[in-house]
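Each chain is listed here by its residues.
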Amino acid sequence: MLYRWRATVDDRDVDDLHADAFGEPPPQLSVATVRPLSLGWVTASEDGRLIGFANVAWDGNSHAFLLDTAVNSDRQRRGIGRRWWAKALEEAHEAGCEWVHVDHEPHLSGFYAACGFTTTTAGLRHVK
């Protein structure tokens, strides 16, 4: 398993990964589009195949946000996400970030806890 920071990735590979991980049409995420808004991204690959991806957006200062996370469905629950989240946290720390945020999804509470996250109260508003 190879974990890399800011590796070159093909948009179709990221889309296919998201479609597989979530069982829904891919979001058509353009890594080239998100790159200027990102601190970076972490990839996990095996035998040259993308099996994990997480985008690390940031405010340009002390807060980073873990987004667009996915692990291939046949590789989930094997510690892959935990390892590349650790890489994302390490890189955010190196960039001077003090806080890393993640959207809380109740069914992932155990995973978040294993990665060292605590639950906080936050607000969310859909704009459409």
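Structure first, text after, so check above.
In this text, all values refer to a predicted model and were calculated from it rather than measured experimentally.

Enumeration according to the criterion identifies 4 salt bridges in this entry. A salt bridge links Asp74 to Arg49, with the shortest nitrogen-to-oxygen separation between them at 3.9 Å. Here Arg49 lies in strand β3 (residues 49-58) and Asp74 lies in the loop between β4 (63-71) and α3 (80-94), a separation of 25 residues in the sequence. Residue Arg49 is classed as partly exposed on the basis of its relative accessible area of 35%. With its nearest N and O atoms 2.9 Å apart, the salt bridge here joins Glu91 to Lys87. You can see Glu91 and its partner Lys87 sitting in helix α3, 4 residues apart, about one turn around the helix.

A few words now on the sheet that holds strand β5 (residues 99-102). Strand order in the open sheet formed by 5 strands is β1-β2-β3-β4-β5, and the pairing between neighbours is mixed. Only two strands of the sheet have a single partner each, and these edge strands are β1 (2-5) and β5. Across the sheet, the axes of successive neighbouring strands diverge by a mean angle of 20 degrees, strand direction being ignored. As paired elements, β1 and strand β2 (residues 38-46) share 4 bridges and run antiparallel to each other. Note on β2: the bridge partner recorded for Arg4 is Thr43.

Here is what the cut-offs are and how they apply
Residues numbered from 1 in each chain as written. Predicted model: local features only at pLDDT ≥ 70, side-chain atom pairs only at ≥ 80, totals over all residues. Heavy atoms only, no water. Salt bridge = Lys/Arg side-chain N within 4 Å of Asp/Glu carboxyl O. Helix = DSSP H or I, 4+ residues; strand = E, 2+ residues; numbered from the N terminus. Buried < 20%, exposed > 50% of the residue type's maximum accessible area, 1.4 Å probe, protein only. Pairing = 2+ DSSP bridges. Axes fitted to C-alpha atoms, helices over the stretch in contact; angles between N-to-C directions.

As far as function goes, none of this settles anything; it's purely spatial.
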